[in-house]
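# Chain and residue survey
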Amino acid sequence: MVAHFQLLGLDESLHSGQTASVTFDFGNGHKVTGPAPVAAPLTPDAPPPPIVEREGSDHGG
């Protein structure tokens with residue numbers, strides 16, 4: 001199993017081969033900080049799911 005996450009809203013570029021310092025805050029006073037390797041995705045992002053409106057909604061009318 002390969003776990004991954006995506007960093008968004010960065011104020012500088014990251015490139016494959018670099019590491020980024022990340023901190024996970026578990027909300028109960030426990031934080032874990034460590035280096036995360038940066039790599040290009042092996043596959044493109046999946047397309048977003050379609051937006052489905054509920055019947056009778058006031059949107060898009």
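Description of the structure in this document. (Residues numbered from 1 in each chain as written. Predicted model: local features only at pLDDT ≥ 70, side-chain atom pairs only at ≥ 80, totals over all residues. Heavy atoms only, no water.)

## Notes on the overall build of the chain
- Regarding its fold elements, the chain presents 0 helices and 2 strands.
- Looking at the chain as a whole, 7% of its 61 residues qualify as buried.
- Sequence separation of 24 or more characterises 8% of the internal contacts of the chain that already satisfy a separation of 6 or more.
- Total accessible area on the chain is roughly 6,200 Å²; 57% of this is exposed by carbon and sulfur atoms. (Helix = DSSP H or I, 4+ residues; strand = E, 2+ residues; numbered from the N terminus. Buried < 20%, exposed > 50% of the residue type's maximum accessible area, 1.4 Å probe, protein only. Contact = heavy atoms within 4.5 Å. Areas by Shrake-Rupley, 256 points an atom, 1.4 Å probe, with all protein chains shown as cover.)

## Focus: a nonpolar patch on the surface
- On the surface, Phe-5, Leu-7, Leu-10, Phe-24, Phe-26 and Val-32 cluster together into a nonpolar patch covering about 580 Å² of accessible area.
- Tracing the sequence through the fold places Phe-26 in the loop between strand S1 (19-25) and strand S2 (31-37).
- On the accessibility criterion, Phe-26 (54% relative accessible area) is exposed. (Patch = residues over 30% accessible without salt bridge, like charges linked within 9 Å, V, L, I, M, F, W, Y side chains within 5 Å. Salt bridge = Lys/Arg side-chain N within 4 Å of Asp/Glu carboxyl O.)

## Focus on the pairing of S1
- In the sheet, S1 pairs with S2 via 7 bridges, with the strands oriented antiparallel. By the bridge assignment, Phe-24 is partnered in S2 with Val-32. (Pairing = 2+ DSSP bridges.)

## Describing the environment of Asn-28
- Mapped onto the secondary structure, Asn-28 falls in the loop between S1 and S2.
- You can call Asn-28 exposed: its relative accessible area is 52%.
- Engagement of the side chain of Asn-28 in a polar contact is seen with the backbone nitrogen of His-30, the distance being 3.2 Å. (Polar contact = N/O pair within 3.5 Å; in protein donor to acceptor, adjacent residues only side chain to side chain.)

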